[in-house]
Amino acid sequence: MERLCSSWAPVRTLPYAMVDKRFLRWVLGLFGTGIQSYFTFLRFLLMLNLLTVLLTAGFVLLPLVWLRPPDPGPALNLTLQCPGDPQPVTADPSFHSRLWNVLTGRAFNNTYLFYGAYRAGPEGSSAYSIRLAYLLSPLACLLLCFCGTLRRMVKGLPQKLFLGQDYRSPLSAKVFSSWDFCIRGREAATIKQHEISNEFKLAQQQTRTQRACHLLSYLRVNFLIGLLVVGAISAIFWATKYSQDYKEETLFVLLQYLPPGVIALVNFLGPLLFVFLVQLESYPPNTEVNLILVWCVVLKLASLGMFSFSLGQTMLCLGRNKTSCESHGYNACDYQCWENSVAEELYKLSIFNFLLTVAFAFLVSLPRRMLVERFSGRFWTWLGREEFLVPTNVLDIVAGQTVIWMGLFYCPLLPLLHSVFIFLTFYIKKYTLLRNSRASLRRFRASSSTFFFQLVLILGLLLATVPLGYVVSSIHSSRGCGLFTNYSAPWQVVPELVALRLPPPGQQALHYLGSQAFSFPLLILLSLVLTVCVSQSQANARAIQGLRKQLVWQVQEKWHLVEDLSRLLPELGLGDSPGPQSPHSPSSRPRSFCPGFPCPGSPGTRSPKALRSPRPSPSHADPACRFRFPSSAEL
């Protein structure tokens with residue numbers, strides 16, 4: 001195990017060597033842990049993508065090049081009765097057309113970037129199955145990304161979830177413990193009385209009617225925001241459908257980038273409208289920020305989910321009846337290699353997100369900073385530099401990473417392209433932060449920020465896994481390209497290989513693992529493990545409470561030692577002034593436990609007059625300063 005961990009050490013440290021560690025330490029000191037956690041999050045995503053590329057190259061590309069399977073021949077020419085077949089368009093070899101082919105992804109249809117270029121001979125011709133490796137590599141990458149993200153999320157849990165006691169103080173606690181007994185002045189006492197009175201009035205104002213009104217306003221705001229989200233995802237659906245239905249028109253390039261443009265516009269205008277609606281209700285700052293973040297996450301993930309569903313409805317005829325769909329399981333008239341078409345759409349979405357990041361940094365943030373520095377006035381002072389918002393930038397990165405995970409099956413080398421984009425994005429955001437932006441007025445702690453980032457990333461991972469699992473298990477593969485042309489679904493290669501490669505005992509073992517006779521003991525075992533984990537968590541909580549009580553007892557023991565010593569010193573004639581009062585007396589008991597700091601009323605606390613006065617005489621010295629342990633001769 002140690003050798004395995006040491007062999008992966010260069011892979012883990014590669015992303016960290018590609019970025020500047022000194023910059024991260026400088027960001028920590030100047031902007032706080034929240035912005036530093038954003039750049040650390042970029043490094044983590046870079047590591048995940050490089051690990052995905054290494055797995056794909058090691059299990060698919062290198063064996064494919066080394067084995068050199070026999071060419072299965074040209075793609076099948078399907079004869080379909082398709083109404084209104086378009087005439088073939090002659091390719092224009094101009095630079096303009098080549099550039100647009102690169103931007104739209106059509107230039108990579110016959111490369112290993114897309115699914116259609118991967119071919120293999122029949123199973124049994126070689127000892128290594130390229131089809132099984134191609135099928136299991138995306139699933140293994142998703143599993144590793146899930147485990148790494150979950151581990152990082154658990155490490156980034158806020159400490160208050162374990163050690164804190166987040167509860168509201170009852171009214172009785174306010175009645176009996178609100179007064180500050182260290183107050184001596186009449187004016188300060190009057191101010192404290194008014195403060196306590198205002199707290200009681202505020203507590204009494206929370207009647208049932210006001211709580212109902214507050215709940216209704218909360219539901220009203222969420223209902224309006226929900227309507228906006230539904231309208232946004234509907235616009236994405238119709239934009240994707242229109243782009244696919246009219247893809248052969250003269251405005252082909254504009255229509256090809258219509259869905260990414262609508263998604264970007266929705267994700268830009270949506271948070272602005274959310275902020276406007278939430279601020280109308282005058283919520284507390286924490287409630288306002290949390291509500292906006294939740295709806296921004298919903299909008300980001302719902303837009304990608306609707307984009308996937310619209311592609312599935314157009315290419316795979318989900319909920320539609322067509323002649324080609326009934327016989328082939330997909331729209332074979334318009335998409336003879338529908339995997340490549342999906343890969344093109346995800347490729348365009350990834351390219352558009354990166355180009356939008358570059359354009360926003362150098363065409364919006366940079367001119368805004370130059371205009372603010374050049375001109376002076378009320379408007380330019382109000383405008384100011386762009387505020388570097390950590391949650392917004394994180395959501396953009398998570399959306400891009402979700403697109404990459406959605407395309408692992410259709411374009412296996414897309415993580416390599418995205419690794420380059422993340423690397424460039426790191427330095428673009430670095431330039432934007434240092435030159436064009438100002439830090440946000442609201443600070444984020446590293447623990448809460450890391451937990452939020454990883455939680456959103458896991459949601460994006462689940463969003464990418466669900467459609468991929470459905471396609472692999474239920475959707476018919478294209479008959480004209482790819483590795484699974486002769487299979488009803490890609491997952492059918494697994495039972496075929498089990499029947500061909502495994503001996504009868506191994507097949508029986510696999511059948512037993514998939515039967516109900518194994519699932520029932522497994523369920524019981526998982527229940528026992530869950531019970532042990534819950535019991536261990538409860539035991540840890542009890543241990544924490546015991547340590548707290550032990551700490552309080554140690555403080556009380558020290559108070560008793562000081563009390564005994566204060567009674568002992570006058571009896572020995574070592575001081576004229578009495579020692580400190582008992583900790584049980586009201587004047588000497590501290591108001592709160594302050595570890596590491598002198599508490600009010602504790603021995604050794606000096607008043608401001610004593611601090612301003614010159615060296616006191618021995619008779620007026622602080623009794624705590626006169627304590628010393630008697631020697632054995634004196635005893």
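Looking at an unreviewed UniProt entry, one finds the protein named Transmembrane channel-like protein, with Myotis brandtii as its source organism. The record held by UniProt for the protein lists under Sequence similarities (unreviewed entry) the comment "Belongs to the TMC family." Under the Subcellular location (unreviewed entry) heading, UniProt states for the protein: "Membrane".

Here helix 22 (residues 516–571) is 56 residues long and its end C-alpha atoms lie 82 Å apart, about the 82 Å a rise of 1.5 Å per residue gives. Buried within helix 22 are the following residues: Trp559, Glu563, Leu565, Ser566 and Leu569.

Between its first and last C-alpha atoms helix 6 (residues 130–155) spans 37 Å; for 26 residues at 1.5 Å apiece the expected length is 38 Å, and the two agree. Roughly 25° is the biggest bend found in helix 6, and it falls at leucine 136, with proline proline 138 one to four residues downstream.

Glancing now at the side chain of serine 341. For serine 341, the location among the structural elements is in helix 15 (residues 338–374). The exposure class of serine 341 is buried, given its relative accessible area of 15%. Apart from residues no more than four positions distant in its own chain, serine 341 is found in contact with Met315 and Tyr335.

Put plainly, two cysteines are in a disulfide when a covalent bond ties their sulfur atoms together. In the structure shown here, the tally under the stated rule is 1 disulfide. Covalent S-S linkage joins cysteine 337 and cysteine 481, the inter-sulfur distance amounting to 1.8 Å. Between cysteine 337 and cysteine 481, the S-S dihedral sits near 85°, and the bridge is therefore right-handed. With cysteine 337 in the loop between helix 14 (323–328) and helix 15 and cysteine 481 in the loop between helix 19 (446–474) and helix 20 (493–501), the pair connects residues that are 144 residues apart, well separated along the chain. For cysteine 337, a relative accessible area of 17% corresponds to the buried category.

Cut-offs and rules
Residues numbered from 1 in each chain as written. Predicted model: local features only at pLDDT ≥ 70, side-chain atom pairs only at ≥ 80, totals over all residues. Heavy atoms only, no water. UniProt positions renumbered as here; feature names shortened; annotations may be inferred. Helix = DSSP H or I, 4+ residues; strand = E, 2+ residues; numbered from the N terminus. Expected span 1.5 Å × (residues − 1). Buried < 20%, exposed > 50% of the residue type's maximum accessible area, 1.4 Å probe, protein only. Bend = angle between axes of the 7 residues up to and from the residue. Contact = heavy atoms within 4.5 Å. Disulfide = S-S within 2.5 Å.

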